[in-house]
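Chain by chain, the residues:
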Number of protein chains: 2
Amino acid sequence: MQPVQPGRMMDFPLTLTHFVERARTFFPKSELVSTLADKTQCRMTYGDFSSRVAKLAHALTTKLGVKPGDRVATLAFNHQPHVEAYFAIPCIGAVIHTLNLRLHPTELGYIAKHGEDVVVLCDEALLPLLEKFKNDVPSLRKVVVFSPDPQKKRTSPLPDGFLDYEELIAGEPDRFDWPALDENSAAMLCYTSGTTGNPKGVLYSHRSTVLHSLVTMARENMGVGGDDVVLPVVPMFHAAAWGIPFAAIACGAKMVFGGGHFDPVTLLDLMASERVTFSAGVPTIWIGILAALDAEPKRWDLSSMRTMVIGGSAAPPALIDGFATRYGLEVTHAWGMTETNPLGTLARVKPHLRSGSPEQLLAMRASQGFAVTFVEQRHTDETGRVLPWDGETMGELEVRGPWVAKSYFGDEGADRFTKDGWFKTGDVVTIDGEGYVRITDRSKDVVKSGGEWISSVQLENALMSHPAVLEAAVFAARHPKWDERPVAAVVLKPNRTCSEQDLAACLDGKFAKYWMPDKFLFVEQIPRTSTGKFLKSRLRELYGDVLVK
Amino acid sequence: MQPVQPGRMMDFPLTLTHFVERARTFFPKSELVSTLADKTQCRMTYGDFSSRVAKLAHALTTKLGVKPGDRVATLAFNHQPHVEAYFAIPCIGAVIHTLNLRLHPTELGYIAKHGEDVVVLCDEALLPLLEKFKNDVPSLRKVVVFSPDPQKKRTSPLPDGFLDYEELIAGEPDRFDWPALDENSAAMLCYTSGTTGNPKGVLYSHRSTVLHSLVTMARENMGVGGDDVVLPVVPMFHAAAWGIPFAAIACGAKMVFGGGHFDPVTLLDLMASERVTFSAGVPTIWIGILAALDAEPKRWDLSSMRTMVIGGSAAPPALIDGFATRYGLEVTHAWGMTETNPLGTLARVKPHLRSGSPEQLLAMRASQGFAVTFVEQRHTDETGRVLPWDGETMGELEVRGPWVAKSYFGDEGADRFTKDGWFKTGDVVTIDGEGYVRITDRSKDVVKSGGEWISSVQLENALMSHPAVLEAAVFAARHPKWDERPVAAVVLKPNRTCSEQDLAACLDGKFAKYWMPDKFLFVEQIPRTSTGKFLKSRLRELYGDVLVK
């Protein structure tokens, strides 16, 4: 389609090249702080960073023969050299493929082969993992190993055939004459860690990544800005660490990385010592952090914190409320998926609703919120009919926008894309009259009892507000009469007890009678996916017949 | 150019259609407040607004036969129906052409003819102005007249051949099935009010306007958000009111308009009564507002104000400092032009510079700042050589980016665009090592004395810090020996006096000796352009020979 009357503005492509040169030009003194294996910190400036991005770009093109369109994998935790790969690889026209190191080696081999990765940049600590699937990847030509400390010479030599990252880039020029790229060029490949079927690749473009970054910088949304100190707790192998490194580099924010450390104490130490203003991660991380704060409420000074983004799966309201009421810490609840780059919706309370009761405000802040600028949302029933926004009718959430996938890398999963151009998220939601989305289930986890849908997530949130409960997962157990009935698997907090009756009482009056779980199972832990989400398919395998006599 | 490996994200165009539907979907309760001729307010909701946008779109296409690509002009002040035109016209694929009502009728006739406007939407109060040039525009088919009060029936009928806006849209459907538009389609036509030569048209696209809006919403920049109450003092006939209405509608901010009132008291009344959080305008407006505050410091409660953007021409540091020190009000100093949609640079103090002295901080906040995300900056000498960022070397500022013009509507002024893709701004600047731009002059206003350049703007800023000086303009007077020498035209504050010697003393020691103006002229007022900038060409006409005996 050609415009009838085209505008007369510059054809200036939305590529990541602009961000890396902007970092060099305006923010050479901003800092990047990486945490090493021994928990000490390595510090470099954006000036160093942008030079190293250029050096890596030279090494990839001249020494490793990486060509435009090639996939270059990373198998690494969160640290500055990984951010260098985030920019150098796409800016030479190649595609960075972030391998999810929490997957099974068989899956990793499948993904790296499917992505046809030609080079992998790997943390030294992850070489044993790489060994387990490397030979399944015929396209793989070279392995580059990130140094344990970028500022120190490697003490023991690498095995034959492996290249040291620091040696690789050392002699290269610190400027790169970036190629002019079409903004629709692929920039990054991320696989969904689906619990069913093979993982599927989502191929972000420069344009989608740039637009996502701009929206992330809106005060409306996450508001990432140059005066922020950003700690992405979300791993860099998950959906581009939610795009946060791109936004941070674009505005010169100080970045702090936890390396391979995801334990609450290390993260809280970093937040306090580096005066972190902005952090982001999945609920399980924040549940641990809140528990650590509760155990030692005076140990950490978090007064610098502006907001903490929770996403990846639905955060229990009690978690959001706990941070707010006990520590004065603001949580920004957001929803997204690998397929949405990932920011889709965000729970902001609209000004005219701010006079609501504390309960009403928490209900909004704990919802998935509404679509951010340039994302559009709707929900549909099983026949594809668009449903009313009444806060009650459950249906599958569908989204569209410039950073939503239009297909998977290998053309799998065509049934996830509707004929009229929407992506089917697999999340079962309600949408209220103000547009607030509330996830009631994953479509595969919803409990279908006698033809009625029961929301496992709402039951879980209610159970997790009980003072003795650490975690709760509600799943569908087979039932001879009702087909499926809800059963709750509950993990209690250390040294706390409670009975099935206590738990039933805590749900009583809040839900329709038929929503009440038929059974409460006290378990040691709830099985999780590689991204930390409850793995309900495993609960169904273990306990699916608990109601069948 | 085709990407080697295209990404797999949705082809979702960046068009204004998304904003207007977003307003309807998520922000129907947000308010738009327009000030009428009698200074009372008319209030409507975004719900009303989005319905009226659809109605106007229907009326334009069905009743007035407006086709994609057609130019539809507005001749109007700041109010809600003007915002309706901002959206309805581009969203049907036509182009809104905002006529600058402060221009001479001859110029207006030239512009409307050059733009081939087919319809004009006109304020009733401006019909006498329209009459003066209407017949110079052969393409003009229809005149639609905005009602004095959109919520009341017109009391006296319009002359034959004029259509009432409210009657025009009244019976139309309140939904419009917007056409799918290419994002590079023209959306808006704005003419520069150049002081030399004919005005030249800048043709914004949907894409440039949308990207500009997203960057305006960044916390980094203006941070326009849903909890803002936005009062654009900048007229809507200037560079899309700096894009503020687009950003506000995209996030559901309450908008407040002053109508045709630009006097300090009316604006201050609005700021206080509507609890305005964000406002934007040219320095002359803010000079008046600061003087009104100084006269009655306790009259207005401006505690809701988050930031006030000053742009359009360089704000004197004393103005920025006066708001900050006397009233605790933050000024955001920004630079832009019609050709840059308009946001180009913005004066944010980087975190590592915040420990500077008050003088250093003010010097940064009073600079033009540095380029916002996706704008790039450099300065060059008269041969086109790129100059060093040393804070001293003066050269012409050049910019490029996705919301910078690549050519004018009529292909005039080709010499403003360099062969390597930059726009020559006509501003003479220095750029320091941190990237801060400081305007020292318009290229046509710089004083060239014996081969050396003298910055009129720096001298003016120093003069305006004198307590008796309201305004000062330094211009080049002809000189028999030095070719040109600086002369200052000074307007004193009411009931204040000072001598030429006092003024010379206030500059002494701050500049090189040869920068000192040869003469200080005390004048009643400084001639201005239609956009409120000092009209130095007129000063040169009046006083250019003052040094020639």
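*Asks:* Describe the overall build of chain A, naming the residues involved and giving the relevant values.
*Replies:* On a plain count of helices and strands, chain A comes out with 15 helices and 25 strands. Projected onto its principal axes, the C-alpha coordinates of chain A cover approximately 70 × 60 × 50 Å. Within the span of chain A, comprising 549 residues, buried residues form 55% of the whole. In chain A, 67% of the contacts between residues at least 6 apart in sequence involve partners at least 24 apart.

*Asks:* Got a sec to walk through helix α1 (residues 16–26) of chain B? Specific residues and values, please.
*Replies:* With respect to burial, α1 of chain B is a largely interior element, 8 of its 11 residues being buried. Of all the positions in α1 of chain B, only Leu 16, Thr 17, His 18, Phe 19, Val 20, Arg 22, Ala 23 and Phe 26 of chain B are classed as buried. Taken together, the buried residues of α1 of chain B touch β16 (370–371) of chain A together with α2 (46–63), α3 (80–91), β8 (186–191), α7 (206–216) and α8 (244–251) of chain B.

*Asks:* Quick one: what's the story with the relation of the copies chain A and chain B, residue by residue and with numbers?
*Replies:* Note on the copies: chain A fits chain B at an RMSD of 0.1 Å, the axial shift is 0.0 Å, and the rotation between them is 180°. Between the two chains, the operation in question is that of a two-fold axis. Looking at chain A, 100% of its interface residues are interface residues in chain B too, so the copies touch through the same face.

*Asks:* Tell me about the domain arrangement of chain A, and name the residues and values.
*Replies:* By convention, interface size is frequently given as the accessible area that disappears when the constituent parts associate. When cut into domains, chain A gives domain 1 (22–33 + 41–219) and domain 2 (445–549). Using C-alpha coordinates to define each centre, domain 1 of chain A is positioned 41 Å away from domain 2 of chain A.

*Asks:* Could you give an account of the packing of helix α7 (residues 206–216) of chain A against helix α8 (residues 244–251) of chain A, naming the residues involved and the relevant values?
*Replies:* Residue and element names in this part refer to chain A. Packing of α7 against α8 brings their axes to within 9 Å, and their N-to-C directions diverge by 70°. Taken together, the axes of α7 and α8 are roughly perpendicular relative to one another. Residue-level contacts link Thr 209, Ser 213 and Thr 216 of α7 to Ile 244, Phe 246, Ala 247 and Ala 250 of α8. Considered class by class, the residues forming the contact of α7 with α8 number 4 nonpolar, 3 polar and no charged.

*Asks:* Please set out unusual backbone geometry residue by residue, giving values where relevant.
*Replies:* Residue and element names in this part refer to chain A. Omega for the bond connecting Asn 341 with Pro 342 falls within 30 degrees of zero, at 0°, which places this linkage in the cis form. Among the secondary structure elements, Pro 342 is positioned in the loop between β14 (331–336) and β15 (343–346). Even without being glycine, Ala 240 reaches a positive phi, approximately 55°. Looking at the secondary structure, you find Ala 240 in the loop between β10 (229–232) and α8.

*Asks:* Explain the interface of chain A and chain B to me, using residue names and the numbers behind them.
*Replies:* Residue-level contacts link 60 residues of chain A with 60 residues of chain B. Elements supplying a minimum of two residues to the side of chain A that touches chain B: α1 (16–26), β8 (186–191), β9 (201–205), α7 and α8 of chain A. For the side of chain A that touches chain B, the element with the most residues is β9 of chain A, which contributes 4 residues. Its residues assigned to classes, the side of chain A that touches chain B comprises 30 nonpolar, 20 polar and 10 charged.

*Asks:* Can you break down the confidence of the model for chain A residue by residue, with the values?
*Replies:* Confidence in the prediction for chain A averages 94 pLDDT; 99% of positions are at 70 or higher. For this predicted complex, the interface confidence score (ipTM) comes to 0.91, while the overall pTM stands at 0.91.

*Asks:* Quick rundown of the pairing of strand β19 (residues 423–431) of chain A? Include the residues and the values.
*Replies:* Working note: regular strand, side chains alternate between the two faces of the sheet. Residues and elements named next belong to chain A. Counting buried positions along β19 yields 7 of 9 residues, so the element is predominantly enclosed. Across 4 bridges, strand β18 (residues 395–400) lies against β19 in antiparallel orientation. Looking at β19, one finds that Gly 395 is bridged to Val 429. Taking the residues that link successive antiparallel strands as the turn, the β19-strand β20 (residues 437–442) hairpin has 5 residues, and the phi of Gly 435 there is positive, at about 95°.

*Asks:* Which residues make up the sheet that holds β8 of chain A, and what are the values?
*Replies:* All names here are of chain A. Read across the open sheet, the 7 strands follow the order β7-β6-β5-β3-β4-β8-β9; overall the sheet is mixed. The sheet terminates laterally at β7 (162–164) and β9, the two strands that pair on one side only. Shown here is a sheet whose adjacent strand axes are inclined to one another by a mean of 25°, direction ignored. By the bridge criterion, 5 bridges tie strand β3 (residues 71–75) to strand β5 (residues 117–123) in an arrangement that is parallel. Bridge pairing in β5 places Arg 71 opposite Asp 117. Relative to strand β4 (residues 95–98), helix α3 (residues 80–91) is tilted by about 145°, and along the sheet it contacts β3, β4, β5, β6 (142–146) and β8.

*Asks:* Summarise the packing of helix α10 (residues 283–295) of chain B against helix α11 (residues 317–327) of chain B; cite the residues concerned and give the values.
*Replies:* To describe two helices that pack against each other, one gives the angle between their axes and the distance between the axes. Residues and elements named next belong to chain B. At a minimum axis separation of 10 Å, α10 and α11 run at an interaxial angle of 30°. Considering the angle they form, α10 stands roughly parallel to α11. Regarding α10 and α11, the two cross each other, and that crossing is left-handed. For the pair formed by α10 and α11, the contact residues are Pro 283, Trp 286, Ile 287, Leu 290 and Leu 293 on the first element and Leu 319, Gly 322, Phe 323 and Tyr 327 on the second. Here the residues of the contact of α10 with α11 sort into 8 nonpolar, 1 polar and no charged.

*Asks:* Any details on the sheet that holds β19 of chain A? Residues and values, ideally.
*Replies:* All names here are of chain A. Taken together, the 4 strands give an open sheet; going across it, the order is β17-β18-β19-β20, and neighbouring strands pair in antiparallel fashion. This sheet does not close on itself; its edge strands, each paired only once, are β17 (376–380) and β20. If you compare each strand with its neighbour and ignore which way they point, the axes differ by 50° on average. Relative to β18, β17 runs antiparallel, the two being bridged by 5 bridges.

*Asks:* For the pairing of strand β23 (residues 469–479) of chain B, give the residues involved together with the corresponding values.
*Replies:* Residue and element names in this part refer to chain B. Counted residue by residue, β23 has 8 buried out of 11 residues, so it is predominantly covered. Where β23 and strand β24 (residues 483–492) come together, 10 bridges link them in antiparallel fashion. Of the residues in β24, the one forming a bridge with Ala 473 is Ala 489. Hairpin connection between β23 and β24: a loop of 3 residues separates the two successive antiparallel strands.

*Asks:* Go over the environment of Phe 520 of chain B, please, and point to the residues and values.
*Replies:* Residue and element names in this part refer to chain B. Secondary-structure assignment places Phe 520 in strand β25 (residues 519–522). Along the chain, Phe 520 and Val 474 lie 46 residues apart, while their C-alpha atoms are 9.0 Å from each other. Once residues within four sequence positions are removed from consideration, Phe 520 is found in contact with Ala 488, Val 490, Glu 500 and Leu 503.

*Asks:* Residues and numbers for the environment of Gln 458 of chain B, please.
*Replies:* As for its placement among the helices and strands, Gln 458 of chain B is situated in helix α13 (residues 456–464). Residues Gln 458 of chain B and Gly 336 of chain B, 122 residues apart in the sequence, show an inter-C-alpha distance of 19 Å.

*Asks:* Quick one: what's the story with the environment of Val 548 of chain B, residue by residue and with numbers?
*Replies:* Residue and element names in this part refer to chain B. Tracing the sequence through the fold places Val 548 in the segment after α15 (536–543). Using a count of 9 C-beta atoms within 10 Å as the deciding quantity, one classes Val 548 as exposed. Contact partners of Val 548, with chain neighbours within four places excluded, come to Arg 478 and Pro 480.

Cut-offs used in this document
- Residues numbered from 1 in each chain as written.
- Chains lettered and ligands numbered in written order.
- Predicted model: local features only at pLDDT ≥ 70, side-chain atom pairs only at ≥ 80, totals over all residues.
- Helix = DSSP H or I, 4+ residues; strand = E, 2+ residues; numbered from the N terminus.
- Buried ≥ 20, exposed ≤ 12 C-beta atoms within 10 Å, placed from the backbone.
- Contact = placed C-beta atoms within 7 Å.
- Least-squares fit on C-alpha atoms with pLDDT ≥ 70 in both.
- Domains from an automatic or database assignment.
- Axes fitted to C-alpha atoms, helices over the stretch in contact; angles between N-to-C directions.
- Parallel < 35°, antiparallel > 145°, perpendicular 65-115°, else oblique.
- Nonpolar A, V, L, I, M, F, W, Y, C, P; charged D, E, K, R; others polar.
- pLDDT = per-residue confidence, 0-100.
- Pairing = 2+ DSSP bridges.
- Left-handed = near helix turned anticlockwise from the far one by under 90°.

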